[in-house]
Amino acid sequence: MNLLESVQRGLAELDAQGLRRRLRVADSACSAHMTVDGRDIIGFASNDYLGLAAHPALVAAFGEGAERYGSGSGGSHLLGGHSRAHAKLEDELASFVGAFSDAPRALFFSTGYMANLAAMTALTGKDATIFSDALNHASLIDGARLSRAKIEIYPHADTAALAALLDASDATTKLIVTDTVFSMDGDIAPLAALVALAERHGAWLVVDDAHGFGVLGPQGRGALAAAALRSPHLVYVGTLGKAAGVAGAFVCAHETVIEWFVQRARSYIFTTAAPPAVAHAVSASLKVIGGDEGDARRAHLAELITRTRALLRATRWTPVDSHTAVQPLVIGSNEATLAVMDALDAHGLWVPAIRPPTVPAGTSRLRVSLSAAHSFDDLARLEAALVAASEASA
Ligand SMILES: *Cc1c(COP(=O)(O)O)cnc(C)c1O
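Just so we're clear, the structure is a prediction, and the values are computed from it rather than from any experiment.

S.K.: Honestly, the packing of aromatic side chains in this entry has me stumped. Any pointers?
M.R.: Taken as a whole, this structure holds five aromatic pairs when the rule is applied. Each ring, one from phenylalanine 109 and one from tyrosine 268, has its centre 5.4 Å from the other, and the planes form 65 degrees; the classification is edge-to-face. A residue pair is termed long-range when its members are at least 10 positions apart, and phenylalanine 109 in strand 3 (residues 104–109) and tyrosine 268 in helix 10 (residues 266–269) qualify at 159 residues. Overall, tyrosine 268 belongs to the buried group, its relative accessible area being 5%. Counting every residue linked through ring pairs, the aromatic cluster contains Phe96, Phe100, Phe213, Tyr236 and Phe250. Seen from the ring of phenylalanine 376, arginine 307 lies directly overhead, with NZ or CZ sitting 3.6 Å from the centre.

S.K.: Teacher, can you tell me more about the layout of surface pockets here?
M.R.: Rolled over the atoms, a probe with the dimensions of a water molecule shows which regions are left empty. Empty space within the largest pocket amounts to approximately 620 Å³. In terms of lining, the largest pocket is formed by 32 residues, of which the most central are His137, Ala138, Ser183, Met184 and Thr358. When contributions to the lining of the largest pocket are tallied by element, the ones reaching two or more residues are helix 4 (112–121) and helix 5 (138–147). Along the lines of polarity and charge, the residues of the lining of the largest pocket split into 13 nonpolar, 13 polar and six charged. Built from parts of two domains, the lining of the largest pocket gets at least three residues from each of domain 1 (24–54 + 291–393) and domain 2 (57–289). Taken as a whole, the second largest pocket encloses approximately 510 Å³ of empty space. Contributions of two or more residues to the lining of the second largest pocket are made by helix 13 (334–346) and strand 13 (353–354). The greatest single-element share of the lining of the second largest pocket, amounting to three residues, is contributed by helix 13. By residue class, the composition of the lining of the second largest pocket is eight nonpolar, one polar and seven charged.

S.K.: It is not clear to me how the pairing of strand 14 (residues 364–369) should be interpreted in this structure. Could you clarify?
M.R.: Burial analysis of strand 14 places six of its six residues in the buried class, which makes it a mostly covered element. Where burial is concerned, the two faces of strand 14 agree: the one with Ser364, Leu366 and Val368 and the one with Arg365, Arg367 and Ser369 are both buried. Two elements, strand 13 and strand 14, share two bridges in a ladder whose sense is antiparallel. For alanine 353, the partnering residue across the bridge sits in strand 14 and is leucine 366.

S.K.: Please explain the site of the ligand as it appears in this structure.
M.R.: Within the structure, the ligand sits among Thr111, Gly112, Tyr113, Asn116, His137, Ser139, Asp179, Asp208, Ala210, His211, Thr239 and Lys242. Interatomic distance of 2.7 Å between a backbone N/O atom of glycine 112 and an oxygen atom of the ligand. A distance of 2.5 Å is found between a nitrogen atom of the ligand and a side-chain nitrogen or oxygen belonging to aspartate 208. Considering the ligand on its own, with 370 Å² of exposed area, one finds that the protein chains cover 82% of that surface. Here the ligand is seated within the largest pocket.

Basis of the calculations
Residues numbered from 1 in each chain as written. Predicted model: local features only at pLDDT ≥ 70, side-chain atom pairs only at ≥ 80, totals over all residues. Heavy atoms only, no water. Phe/Tyr/Trp six-rings, centres within 6.5 Å; stacked < 30°, edge-to-face > 60°. Helix = DSSP H or I, 4+ residues; strand = E, 2+ residues; numbered from the N terminus. Buried < 20%, exposed > 50% of the residue type's maximum accessible area, 1.4 Å probe, protein only. Lys NZ or Arg CZ within 6 Å of the ring centre and 35° of its normal. 1 Å grid on protein atoms, 1.4 Å probe; cavity = no way out; pocket = protein on both sides within 12 Å on 5 of 7 lines; lining within 4 Å. Points joined across faces, edges and corners; volume = space filled by probe spheres on them. Nonpolar A, V, L, I, M, F, W, Y, C, P; charged D, E, K, R; others polar. Domains from an automatic or database assignment. Pairing = 2+ DSSP bridges. Near = heavy atom within 4 Å. Polar contact = N/O pair within 3.5 Å; in protein donor to acceptor, adjacent residues only side chain to side chain. Areas by Shrake-Rupley, 256 points an atom, 1.4 Å probe, with all protein chains shown as cover. Sits in = over half its atoms within 2 Å of the grid points.

From the geometry alone we can't say anything about function, so treat these as descriptive.
If you want it as structure tokens, here you go:
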């Protein structure tokens, strides 16, 4: 068989199902107003929730970090690549989000994907069971598979179903894992109930706060701070390429747990440390996030969220009840979703279509992602384009 032909058949199938994805090329920095594929657009696609991805203080820190530490780290963290910038950032992150633990320590990773592989594999093994929310992020799913633990998937946010699975389990090690803010629906996990279950059943609770860090809680300290939760069972994952506007991620937990990660987490050990300049820029980002400017940006984002909820309800489609920066509008079929996406595109608006397998079949949606960089005028443009598309398809 011709190998290329079989791959081409696969691609043709994706085309036929409206599932082929297309890369777009940004010619400018990530912001509300961008040049993409040579056109000026308003972007509602990024995870740059606080509008920090092109912030002058972060850009300057990136340059300063490169001047001081060079362009590359030169090695893995355990073999020469661990810089003062990484170490300092880890201390800052632990004090920023670590109030849930008596002795918090943070460990910096190159990406959230790799942090999640570590969180799923380092504490588990063949004798463990991982209890995973049905809508968890792909990186958690992949990490769970890599761990060789048994995997129990509980219905989305259903703590009664999870309790029943935990009751029935005789695994020696149990680990519950959940997104905090679910990335395709924007809803928030029942974190207090999950902490209670973890404590009752002697389980770890890994929370992936990719969409909450920097946005939720006092000073943007994240979903655990927002809910004022404390427990030695908690393992917190935050990512630094979304609200923080740079790149990378971290795991924060009790210092003993983190020391174990340093010894055992393969996605920490067997990879080159991210450039120290990245860590240096994240330190600058933390100052903005935790300061008055961060508060002002979060307040503006909250107002954008309120207005977007109202404008999405006025369309003929079905908004998901979300109070976060992720505001999905469920259209239904892939074709209809792509048609609305194209209609918005014609108005110079980039609102991405989310299709299976990212979301269940028949629930394809537009995912309006808000940023503090958006103005109310940008929202008015979105509203006008949605009204036009809504009428055109009625
Ligand atoms: C984006 C994301 C990740 C991955 O983080 P990266 O730093 O982009 O690799 C993990 N979990 C969730 C829920 C995410 O949305």
